[in-house]
Amino acid sequence: LVGRGDLRIRMLAVGICGTDQTLATGRRTPPQLPWRLGHEGIGEIAEVGPGACGFAVGDRVALEPNITCGRCEYCRRGMTSACTSRLSAGVLTQPGFLAEVVDHPSEFCHRLDAHMSLERAVCAEPLAVAASAIRRTDLQGSETVLVLGAGAQGLLSILTLVAQGHHPYVSEPDDERRQLAVELGAQVFTPGQSPAPEVVIDAAGVPEALGAVVDHLAPFAAVTLVGEDHHHLGASSFSIVQRQLRIKGSFIYEHPQDMAAAVHLLEEMPTEAIMGPAMALDEVPTVFTAGTRPRAGVKQWVDMRL
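Computed from a predicted structure; not experimentally measured.

Parameters at a glance
- Residues numbered from 1 in each chain as written.
- Predicted model: local features only at pLDDT ≥ 70, side-chain atom pairs only at ≥ 80, totals over all residues.
- Heavy atoms only, no water.
- Buried < 20%, exposed > 50% of the residue type's maximum accessible area, 1.4 Å probe, protein only.
- Helix = DSSP H or I, 4+ residues; strand = E, 2+ residues; numbered from the N terminus.
- Pairing = 2+ DSSP bridges.
- Right-handed = clockwise from strand over helix to strand, strands pointing away.
- Expected span 1.5 Å × (residues − 1).
- Contact = heavy atoms within 4.5 Å.

A. Here's a closer look at the pairing of strand β8 (residues 145-148). Taking every second residue as pointing to the same face, both faces of β8 are buried, with V145 and V147 on one and L146 and L148 on the other. Sheet topology places β8 next to strand β11 (residues 199-202); 4 bridges connect them, and they run parallel. Looking across to β11, one finds that V145 is bridged to V199. The sheet contact formed by β8 and strand β9 (residues 169-171) spans 3 bridges and is parallel. Along β9, the bridge assignment pairs V147 with V170. This β-α-β element, β8 to helix α5 (residues 152-163) to β9, shows right-handed connectivity.

So this is what it looks like as structure tokens:
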């Protein structure tokens, strides 16, 4: 039986991200073995549990994988990303969405337009991460913005900034990714020639990224870190102090508003432009094989119908 307040969901698509890579390759230890990956899920409701109001069988939904308690101090203050009892599907506490069917709390499901393509819809959760970082940066609208890295998070940040009327710059060493960023509305940042950025969205996740541009930032520049890395920050404290940078981290998003906002953004945002070709579930292990060349596209995803 489906639990109270839950939805039984037939999975349709699951995105693959860097966190999945670290878990699958042993750079990060899963809670137990075997472990089921997948925290970027799109599905179709197969059954509606008692008390799960506002949903119907056949609805398509984006699953919010971070299940917060709603009772701790941080949840009561609206800072659910710091929930002290947060559950995390596919990453920290329970198996993920790479399954034919999952049960999920209806409060953490967001209805999608039935006509939205899966290639676009599967970006809902990572888009929530990118858009939340930009929201937390508190842009006023006239700043020169630089995005570090044109991986999935960097490209989704660029799409979000462009949708908000900004003309962001991008710093990315890979030619193909840099070109894709330009096609999505970014300008290439050239240190010493481009205007000094007043805002930086660091989506690179490597220490060298910020270090390469820190001496070209405007005084008092705001730097929001989205990409994660276990190495020390690539900018010296001397540069940070001398330029009086304001640095903050942005971790996941706040429930429920940020995921709901991302689903709304998807209605007009062509996130399919960053997607690689769909793969079947039994192809997933090849994504994590050392030395395997990535498929075309920046963001990999699984079409569970294949």
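B. A look at the environment of D175. With respect to the helices and strands, D175 occurs in helix α6 (residues 175-183). Linking D175 and D258, residues 83 residues apart in sequence, is a C-alpha distance of 32 Å.

C. Seen up close, α5. Spanning 12 residues, α5 covers 16 Å between terminal C-alpha atoms, matching the ideal 16 Å at 1.5 Å per step. The buried fraction of α5 is high, at 10 of 12 residues. By the burial criterion, the buried members of α5 are A152, Q153, G154, L155, L156, S157, I158, L159, T160 and L161. The inward-facing, buried residues of α5 abut α4 (124-137), β8, β9, α6 and β11.

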